[in-house]
Amino acid sequence: MVHFFSFLGVGVLFLFFAFFIGLPTLLLSPSKFALFFTIGCCLVLSAFAALKGWRAQMQHMMARERLPFSAGYIGSVVMTLYAALIMKSYVLSLLCSGLQVVALLYYLTSYYPGGTSSVKFMLSMFGSAASSCFSTCSALVFGSK
């Protein structure tokens, strides 16, 4: 139980830093947000692994029905860390952080019945709203034909 609360507490602290330090400076330094957010999420996930048992958590994550979501999330974490620490790429850190947030949503909602279809619906709504916004802005800037 001590490990659970330790991992959880430090993970929440990193997520706090990500949203209150990294998020306001996201446009200036996306790698700062990416690192805080990635480490925080990994620590929170580790907290539940410590509570459930490391082996049981790994077996659960690698179960056939959960494997695509686990692989997507782990892949996005690796890509985010690679972009932020090794490549030090502004654009790639920003893109990988966004991908990690989406993958985390899919991973978390895969535990609930109908959760992934809800995320797909929300992402399609966001996509259509963003598309509408960009088309309106481009029509204002470049003039409509």
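Everything discussed here concerns the structure shown above.
None of these values were measured; they are calculated from a predicted model. (Residues numbered from 1 in each chain as written. Predicted model: local features only at pLDDT ≥ 70, side-chain atom pairs only at ≥ 80, totals over all residues. Heavy atoms only, no water.)

Student: Requested: an account of the overall build of the protein chain, with residues and values cited.
Tutor: Within the protein chain, the regular secondary structure consists of six helices and zero strands. Its helices and strands taken in sequence order, the protein chain reads α-α-α-α-α-α from the N to the C terminus. Relative to its full complement of 145 residues, the protein chain shows a buried share of 26%. Partitioning the contacts of the protein chain with sequence separation of at least 6, the portion at a separation of at least 24 is 60%. Of the roughly 9,300 Å² of accessible surface on the protein chain, 76% is carried by carbon and sulfur atoms. (Helix = DSSP H or I, 4+ residues; strand = E, 2+ residues; numbered from the N terminus. Buried < 20%, exposed > 50% of the residue type's maximum accessible area, 1.4 Å probe, protein only. Contact = heavy atoms within 4.5 Å. Areas by Shrake-Rupley, 256 points an atom, 1.4 Å probe, with all protein chains shown as cover.)

Student: Give a detailed account of the environment of L15, specifying residues and quantitative values.
Tutor: The topology assignment puts L15 in helix α1 (residues 2-22). The contacts of L15, once residues within four sequence positions are left out, are F36, F37, G40, C41 and V44.

Just distances and angles here, no functional claims.
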